[in-house]
Amino acid sequence: MLRIRLIYDDVLAINQEVLIQVKDILRSRFAAVSEEEIQSISEKLRNPFKQRFRSILFVAEKLGGQVVGFALLLHEPEIGFTYLDWIAIITGRTGGGIGGALYERVRQESLAFKVKGLFFECLPDEEKHCPDQGLLKENRARLRFYEQYGARPLINTGYEMPVNPGDTCMPHLVYDGLGLQEPLKRSFARKVVKAILERKYTGLCPPEYVKKVVSSFADDPVKLRGFRYVKPEVVNAGVESRAYEQMALVVNDRHDIHHVHERGYVESPVRIRSILKRLEKSGLFVQMKPHKFPDQHIQQVHAPDFVNYLKRACREMPEGKSLFPYVFPIRNKTRPPKEPSVLSGYYCIDTFTPINRNAYPAARRGVDCALTAAREVLNGRRIAYALVRPPGHHAESRSFGGFCYLNNNAIGAQYLSGYGKVAILDIDYHHGNGQQDIFYRRSDVLTVSIHGHPRFAYPYFSGFDDELGEGEGEGFNLNIPLREEIEGESYRKALKRAITRIEQFKPTFLVVALGLDPAKDDPTGTWSLRALDFKRNGELIGAMGLPTVIIQEGGYRTRTLGLNAMNFFNGLAKAVRVRGNMKQKTKPAIHGLTFRQDICPEDAERVRKLVEITGFFTPDEVEVAVELVTERQVKGDSSGYHFIMAEHYGRLIGYTCYGPIPCTQSSYDIYWIAVHPDYQGRGVGRQLLKETERKIKNGGGVRAYVDTSQRIQYASTRAFYERCGYQLESILPDFYAQGDGKVIYCKQLVRK
């Protein structure tokens, strides 16, 4: 069995292996191709602006993972065309329809981009232009193949014109109109040819050659060569409706054993049926069975005593009975209660999430679903959806609640974190306190939650915007609490803020905790999002272009659950298909950047970590940096040291230390400036310096001095000061050590 898969990048290990096979095919089939060009395929996928084309790689794989063919398509969105750069089948493999399947997929992709045409080159099929008989036979076979789809070479142009005297076997430019039945306009063709020659053949085609070829397109519309190999009446120029890469759907096949027959208990089996009924008809999904994973994945995020309690307590409950927590003892880990009815409150955060016989087995199967979905993404699928209940995002490391027993999205994120950075985006109406608790002290997993403000929404005790993470995790938790009444447009503003933070984090994977309870009339929420809002939310999330695992959380209005879920996935699929406008993006502004002058007790240790991680400073210099912070904290202004701290969502990412130079009237020294490596090159240092200069001027300062080392390691630092307007004043040779001079710069802040 054969499948055609789109390869987005070379980040995943499975894609790296595929690219090795693709390059081997290219070497074996095209001996004249340089090794540099072969190796550039990986970079083209990572950097779509290398040739100002977006590169799209399709591979034809056997079930065992062997690549038997590939096609590399280039997309130019501004002019509106696609260019088939390569299409090749493994050596020794003929027939079987692999080439046809790949080309049809290329045509489908091109039509999905709404381009005006697909172009590619094909070597000539006439003996006078290609005397090599073996090559001539191959060329004729290729052009015969493409004629089946109506694709033919352009004629009456200078495209086949030799670049250098003596060049032979120059290629035709072939045009496939994709069944649109539109004439090829001259103005459009000229733009296409100019882009191909200037971008694909950079350095090979001189400007005068490009200009001459482009101006040779005189016919309007441009003419195509007549059919040579296929009768026009049998041509199939239409494009089949595209079979888009389906999203993996993993359904908890044991969710319905967990059914709490209590009045008002809205977390019921009908939720899954309502969603599944809609999704099964869409054709967007391929359903697969959950795979059994070992308990170690649960124990990596949940405390063993908590997991053991859940297992035992559920197993010991009588069939059909539920135990609701009602006593909540102080959590002394060394002396938990012995009485089962009290022990539930030791591990639970509310009074309405019961222990019953089937709670743990159903939740445990949900974990398998989440991990199966995560594994599908690791195996190269772009989107996988775990449709599970009970939900999980309120389950903390040592507690359950909010209908949640095991935190599916945290377990999935932990699994993926072994292969790259992970961002969790929680779009449930309620705060994702579980993953916040689990990852609060980690920097490799970013947790973001959009939710009702805890002053009125469950869980009430967490989800405030000043909860930013601790220790290594400082700045890697973002809460966006919203007011009680929210409609779609306001929600999208918050979602865009969340997406901006995720894009700044640059994760390898995205986990979406999908709550559908922001919907209008949901019994557990107060917002009013409608079906179209969920579609737009899906589009925004899909436009990030990340390998994404979606895990079902809340959503309790069963009348609209399926409709809202279907709209979300339609939006997501649409964004993934289009994958955004390929204009090169400038580096995004760093949102959430704030400056402060006051020194906090924690700043000494935070400064120590910051200057250590830069790698620029010696241990003695690190101690001096900490000493200055401490002296400022103790003595205040009389210390002579002033600070400006730059924070990104509460995380210290840079700072300056400055002060008046004793025995001068208006000169200041900038003693320290340091920026975290994650933020270097993004304008933070320049903003810090600008803010420092403003404070110096406000304090009556006229000149600002900075000094640095003459060592080669500090060349970028010296260049930075010079770019910021500082002039070299003097060099004190051998100041720091033999061969290590002190370089002094000055900037006039007030012109006299």
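Residues numbered from 1 in each chain as written. Predicted model: local features only at pLDDT ≥ 70, side-chain atom pairs only at ≥ 80, totals over all residues. Heavy atoms only, no water.

Q: Please clarify how the overall build of the protein chain should be interpreted in this entry.
A: For the protein chain, the helix and strand inventory stands at 20 helices and 24 strands. The principal-axis extents of the C-alpha atoms in the protein chain amount to approximately 90 × 85 × 45 Å. Counting the 752 residues in the protein chain, one finds 56% classified as buried. Counting contacts in the protein chain only where the partners sit at least 6 residues apart, residues at least 24 apart contribute 72% of the total. Surface summary for the protein chain: the accessible area is close to 33,800 Å², and the carbon and sulfur share equals 50%. Taking the 105 positively charged and 88 negatively charged side chains of the protein chain as two groups, their mean positions are separated by 5 Å. (Helix = DSSP H or I, 4+ residues; strand = E, 2+ residues; numbered from the N terminus. Buried < 20%, exposed > 50% of the residue type's maximum accessible area, 1.4 Å probe, protein only. Contact = heavy atoms within 4.5 Å. Areas by Shrake-Rupley, 256 points an atom, 1.4 Å probe, with all protein chains shown as cover. Lys, Arg positive; Asp, Glu negative; His and termini not counted. Charge placed at Lys NZ, Arg CZ, Asp CG, Glu CD.)

Q: Is there a simple way to explain the sheet that holds strand β21 (residues 667-675) in this structure?
A: Ordered by their spatial adjacency, seven strands build an open sheet running β18-β19-β20-β21-β22-β24-β23, and the pairing between neighbours is mixed. Edge strands, defined here as strands with exactly one partner in the open sheet, are β18 (593-596) and β23 (727-737). Direction aside, the axes of adjacent strands within the sheet are offset by 25° on average. In the packing of helix α17 (residues 603-614) onto the sheet, the strands contacted are β18, β19 (642-648), β20 (651-660) and β21, and the crossing angle to β20 comes to about 100°. Each of β18, β19, β20, β21, β22 (703-709) and β24 (740-748) is contacted by helix α19 (residues 684-698), which is oriented at about 155° to β21, the strand it contacts most. (Pairing = 2+ DSSP bridges. Axes fitted to C-alpha atoms, helices over the stretch in contact; angles between N-to-C directions.)

Q: I would appreciate a short explanation of the nonpolar core in the present structure.
A: Grouped burial of nonpolar side chains is what soluble globular proteins tend to show. Grouped together as the largest cluster of nonpolar side chains are 80 residues, with contacts concentrated most on Y385, I427, I541 and F569. Per element, the largest residue contribution to this core is eight residues, and it comes from helix α16 (residues 558-578). Excluding residues within four positions of it along the chain, F569 makes contact with M247, L279, L284, F285, Y385, L514 and I550. One finds F306, Y347, I355 and V549 within the second-largest nonpolar core, a separate group that totals 56 residues. (Core = buried A, V, L, I, M, F, W, Y, C linked by side-chain atoms within 4.5 Å.)

Q: Would you take a moment to explain the confidence of the model for the protein chain for this structure?
A: Any segment with low pLDDT has predicted coordinates that should not be analysed in fine detail. The share of residues in the protein chain with pLDDT of 70 or more is 95%, and the mean pLDDT across the chain is 91. Low pLDDT, under 50, characterises residues 580-586; the stretch is placed with ten contacts to residues that sit more than four places away or in other chains. (pLDDT = per-residue confidence, 0-100.)

Q: How do you make sense of the pairing of strand β7 (residues 172-176) when you look at a structure like this?
A: Both faces of the sheet carry side chains from a regular strand, because those side chains alternate between them. Most of β7 is tucked away, with five of its five residues classed as buried. Alternating positions in β7 separate into two faces, H172, V174 and D176 on one and L173 and Y175 on the other, with burial throughout. One ladder, built from two bridges, connects strand β6 (residues 152-153) with β7; its direction is antiparallel. Looking across to β7, one finds that R152 is bridged to Y175.

Q: Is there a simple way to think about the sheet that holds β6 in this case?
A: Pairing between the strands of a sheet comes from backbone hydrogen bonds, and it takes one of two forms, parallel or antiparallel. If you trace the seven strands from one edge of the open sheet to the other, you get β1-β2-β3-β4-β5-β7-β6, paired in mixed fashion. Of all strands in the sheet, those bounded by a partner on one side alone are β1 (2-7) and β6. Contacting β1, β2 (54-62) and β4 (81-89), helix α2 (residues 35-46) crosses the sheet at an angle of about 110° to β2.

Q: Mind showing me how you'd approach the pattern of salt bridges here?
A: Any two side chains of opposite charge can pair, so long as their charged atoms come close to each other. With the rule as written, the count across this model stands at 43 salt bridges. The closest approach of N and O atoms between D176 and R107, which form a salt bridge, is 2.8 Å. Of this pair, D176 sits in strand β7 while R107 is found in helix α3 (residues 98-112), placing the two residues 69 residues apart along the sequence. For the pair D176 and R107, one class covers both residues: buried. The closest approach of N and O atoms between E126 and R228, which form a salt bridge, is 2.7 Å. (Salt bridge = Lys/Arg side-chain N within 4 Å of Asp/Glu carboxyl O.)

Q: Sorry, what's going on with the packing of helix α11 (residues 359-378) against helix α12 (residues 408-417) here?
A: Helix-helix packing is described using two parameters, namely the angle between the two axes and the distance between the axes. Here α11 crosses α12 at 35°, and the two axes come no closer than 9 Å. Taken as a pair, α11 and α12 cross one another with a handedness that is right-handed. In this structure, α11 contributes A363, G366, V367, A370, L371, A374, R375 and L378 to the contact, and α12 contributes N408, I411, G412, Y415 and L416. By residue class, the composition of the contact of α11 with α12 is nine nonpolar, three polar and one charged. (Left-handed = near helix turned anticlockwise from the far one by under 90°. Nonpolar A, V, L, I, M, F, W, Y, C, P; charged D, E, K, R; others polar.)

Q: What exactly am I supposed to notice about the environment of L540 here?
A: Here L540 is to be found in helix α15 (residues 531-542). The spacing of L540 and K496 is 44 residues in sequence and 7.6 Å in space, taken between C-alpha atoms. Each residue touching L540, except ones within four places of it in the same chain, is listed here: R492, L495, K496 and I499.

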